[in-house]
Amino acid sequence: FENYETGICERCHPFCETCSGPEDWNCNTCVQGVFLHLNTGRCRQECPIYSYTDGPYCIDCASFGAKGDLPLYEDDDGFRCFKCSRDCATCGQHPHQCSSCMTDLYLIEEETTSFCSPGCSRDEYYSDYRCKPCDESCSGCVGPSSSECITCTSGYRWIS
């Protein structure tokens, strides 16, 4: 950086790619593999507690939402926050573990995960903001009982 008082170019802090001064809080951009904490101007090898990474930046959890960002979830200790997947309105202990979905998407719950989809699978119906499994006798359904099948699975038949 150019020191305007002395007219001499001086070296930035080792973590800074570009800077406005020699200190670690004068960084404008960081060297590769290091994150710029936007509120402090410091380049860090890890984002501090109560912040999350967004590309090459550390962003404070408290400042989240100011730009209409995605929802966040906290880690088990509550010290870090992370962005939920873009389809999740809220998420659990992982960014792709949706607990509710953005408008016009359906929550698909599987044994070890849940995610949001534009529609339920053929063997599910939508109820209470979730995709739920059809009765085992159904190949497609509009509700949970065997009388709400679209068609029957192999080995079952319609009874009037």
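Here the structure is a predicted model, which means the values were calculated and not measured.

K.L.:
Where do I start with the pairing of strand β15 (residues 124-127) in this structure?
P.N.:
For a regular strand, side chains alternate in direction, first toward one face of the sheet and then toward the other. Alignment of β15 against strand β16 (residues 130-133), held across four bridges, turns out to be antiparallel. Note on β16: the bridge partner recorded for Y125 is K132. Turn length for the β15-β16 hairpin, with the two strands adjacent in sequence and antiparallel, is two residues, and the turn residue D128 shows positive phi of about 50°.

K.L.:
How do you make sense of the sheet that holds strand β13 (residues 106-109) when you look at a structure like this?
P.N.:
Hydrogen bonds between backbone atoms are what pair the strands of a sheet, whose relative direction is either parallel or antiparallel. Across the sheet, four strands lie side by side as β14-β13-β16-β15; this open sheet has mixed pairing. Two strands in the sheet have a free side with no partner beyond their single neighbour: β14 (114-117) and β15. Pairwise comparison of adjacent strand axes, ignoring direction, gives a mean angle of 40° for this sheet.

K.L.:
Help me understand the pairing of β13 in this model?
P.N.:
In this structure, β13 lies alongside β14, joined through four bridges in antiparallel fashion. The partner of Y106 across the bridge, within β14, is S117. As paired strands, β13 and β16 are joined by two bridges and run parallel to one another. Considered in β16, the bridge of I108 is made with C131.

K.L.:
What am I meant to see in the sheet that holds strand β5 (residues 35-37) here?
P.N.:
What the four strands build is an open sheet, ordered β6-β5-β8-β7; its pairing is mixed. Of all strands in the sheet, those with a lone pairing partner are β6 (42-44) and β7 (51-54), marking the two edges. The sheet shows a mean angle of 35° between the axes of neighbouring strands, direction not considered. Both β7 and strand β8 (residues 57-60) contribute to a ladder of four bridges, which runs antiparallel.

K.L.:
Help me understand the nonpolar core, please; the structure alone is not making it clear to me.
P.N.:
Side chains of nonpolar character tend, in soluble globular proteins, to be buried together. Ranked by size, the top nonpolar core spans eight residues in total: C12, C16, C19, C27, C30, V34, L36 and C43. Where this core is concerned, the elements lending two or more residues are β3 (16-19) and β4 (27-30). Discounting residues that sit within four places of it in the chain, L36 has contacts with C27, N28, T29, C30, G41, R42, C43, P56, Y57 and C58. Counting seven residues, the second-largest nonpolar core is a separate cluster that includes C84, C91, L107 and C116.

K.L.:
I keep staring at the side chain of S114 and nothing clicks. Help me out?
P.N.:
Tracing the backbone through its elements, the reader meets S114 in strand β14. A polar side-chain atom of S114 sits 3.3 Å from a polar atom in the side chain of Q97. At 2.4 Å, the side chain of S114 forms a polar contact with the backbone oxygen of C98. When residues no more than four places from it in sequence are discounted, the contact partners of S114 are H96, Q97, C98, L107, I108 and E109.

K.L.:
Just checking my understanding: could you explain the pattern of salt bridges for this structure?
P.N.:
Note that side chains of opposite charge can pair when their charged atoms are close. Taken as a whole, this structure holds two salt bridges when the rule is applied. One salt bridge in this structure joins R42 and D24, with 3.2 Å as the shortest N-O distance. With R42 in strand β6 and D24 in the loop between β3 and β4, this residue pair connects regions lying 18 residues apart in the sequence. Assessed through its relative accessible area of 26%, D24 is described here as partly exposed. D128 serves as the salt-bridge partner of K132, at 3.2 Å between the closest nitrogen and oxygen.

K.L.:
What exactly am I supposed to notice about the state of the cysteines here?
P.N.:
Working definition: the covalent bond between the sulfur atoms of two cysteines is a disulfide. Using the criterion set out here, one finds nine disulfides in the structure. A sulfur-sulfur distance of 2.1 Å marks the disulfide that ties C101 to C116. Looking down the S-S bond of the C101 and C116 bridge, the torsion is -95°, so its handedness is left-handed. A residue pair is termed long-range when its members are at least 10 positions apart, and C101 in strand β12 (residues 98-101) and C116 in strand β14 qualify at 15 residues. Note on accessibility: C101 and C116 belong to one class, buried. The structure places no disulfide on C9, whose sulfur is separated from the nearest cysteine sulfur, that of C12, by 9.9 Å. With no disulfide partner, C152 has as its closest neighbouring cysteine sulfur the one in C149, 5.2 Å distant. Residue C152 is classed as partly exposed on the basis of its relative accessible area, which comes to 23%.

Conventions used here
Residues numbered from 1 in each chain as written. Predicted model: local features only at pLDDT ≥ 70, side-chain atom pairs only at ≥ 80, totals over all residues. Heavy atoms only, no water. Pairing = 2+ DSSP bridges. Helix = DSSP H or I, 4+ residues; strand = E, 2+ residues; numbered from the N terminus. Axes fitted to C-alpha atoms, helices over the stretch in contact; angles between N-to-C directions. Core = buried A, V, L, I, M, F, W, Y, C linked by side-chain atoms within 4.5 Å. Buried < 20%, exposed > 50% of the residue type's maximum accessible area, 1.4 Å probe, protein only. Contact = heavy atoms within 4.5 Å. Polar contact = N/O pair within 3.5 Å; in protein donor to acceptor, adjacent residues only side chain to side chain. Salt bridge = Lys/Arg side-chain N within 4 Å of Asp/Glu carboxyl O. Disulfide = S-S within 2.5 Å.

Honestly, it's all geometry; don't read function into it.
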